[in-house]
Amino acid sequence: MLLLLAVLLVAGTTPAQPKTVEQSAVKAEAKQHLDKGLALFNKGKFDKALAEFEKSYALMPHWKLRYNISKCHLELKQYVEAAQGFWNFLKEGGKAIPATQAANAEKYLEDLKPHVAAVQLLGLMEGVTLLVDGKEIEWKNEGEVVYLEPGEHAIFIQLDDEPLVDTRMSLEGGDSKVIKLKKKPSEKSYGKGAGEGEEDVQIVTKKRKKHEKTPRAKISTKTAAGRGTLGGAAAEQVAACV
């Protein structure tokens, strides 16, 4: 049986006391969904566990729950969602993440690289809108990474209603592209800096390394501590609890 260790979900070391009856009720409901998710995960019902974890997160968002959600995506072979979740978990949790759990998440993310492509946006952020295949992608901070399925994608970026990028990218598993926005173009410029001949947009492609060309069938979900594999006899003891 898969086991998950319930860990108190808190911002610090002691949970803050709810200030109102309504807040207390929300916390109780979030815990109910979490407990259901843990039980379902241990039974191997990953799709239903995912739904419960997401409900808990919607009520009380916390980076710890991202780990549970990502592990469900991984079990369901939803590699893009899993990679995005583990990246967000590591980014948001930072130094607060226990070392072993951080190492596990980093290993999962590394193993997922051959199955996904990554796009990173650098430079201008305020007023920038990113659309991938017509869907707007939330981009909170410079340097954030968005993971995509390998294949061809329509990338459109605008700044204050001024188009900066309107292109199609062909991405393979393991590819990483960095889009650098240098400065706001003039009213008549598109792709070139006003009067300087300098590109407003620079797209840098990082080629895959040889060792990243891992066949999909060989994806590893072993933990850094070597306590087994997800979908096998046991999983590392990690979870979140409100």
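Residues numbered from 1 in each chain as written. Predicted model: local features only at pLDDT ≥ 70, side-chain atom pairs only at ≥ 80, totals over all residues. Heavy atoms only, no water.

(A) Broad picture of the overall build of the chain. Within the chain one finds 5 helices and 8 strands. Listed by position from the N terminus, the elements making up the chain come as α-α-α-α-α-β-β-β-β-β-β-β-β. Per-residue burial for the chain yields a buried fraction of 43% across its 242 residues. A total accessible area of about 13300 Å² is found for the chain, and carbon and sulfur atoms account for 51% of it. (Helix = DSSP H or I, 4+ residues; strand = E, 2+ residues; numbered from the N terminus. Buried < 20%, exposed > 50% of the residue type's maximum accessible area, 1.4 Å probe, protein only. Areas by Shrake-Rupley, 256 points an atom, 1.4 Å probe, with all protein chains shown as cover.)

(B) Quick look at the sheet that holds strand β5 (residues 151-159). Strand order in this open sheet of 4 strands is β3-β2-β5-β6, and the pairing throughout is antiparallel. Here the strands that pair on one side only, and so sit at the sheet edges, are β3 (135-137) and β6 (162-171). Going across the sheet, the axis of each strand differs from the next one's by a mean of 25°, ignoring polarity. As paired elements, β5 and β6 share 9 bridges and run antiparallel to each other. From the neighbouring strand, Gln 158 faces β6, where its bridge partner is Pro 163. (Pairing = 2+ DSSP bridges. Axes fitted to C-alpha atoms, helices over the stretch in contact; angles between N-to-C directions.)

(C) Broad picture of the environment of Asn 88. If you trace the backbone, Asn 88 turns up in helix α4 (residues 79-93). Residues Asn 88 and Val 145, spaced 57 residues apart in sequence, show a C-alpha to C-alpha distance of 8.9 Å. The contacts of Asn 88, once residues within four sequence positions are left out, are Arg 66 and Gly 93. (Contact = heavy atoms within 4.5 Å.)

(D) View of the side chain of Ser 56. Examined against the element boundaries, Ser 56 turns out to sit in helix α2 (residues 46-59). By relative accessible area, which is 0% here, Ser 56 ends up buried. From its side chain, Ser 56 meets the backbone oxygen of Ala 30 in a polar contact 2.9 Å long. (Polar contact = N/O pair within 3.5 Å; in protein donor to acceptor, adjacent residues only side chain to side chain.)

(E) Looking closely at unusual backbone geometry. Even without being a glycine, Asp 160 presents a positive backbone phi close to 50°. Its place among the elements puts Asp 160 in the loop between β5 and β6. For Asp 161, which is not glycine, the phi dihedral falls at a positive 70°. Mapped onto the fold, Asp 161 is located in the loop between β5 and β6.

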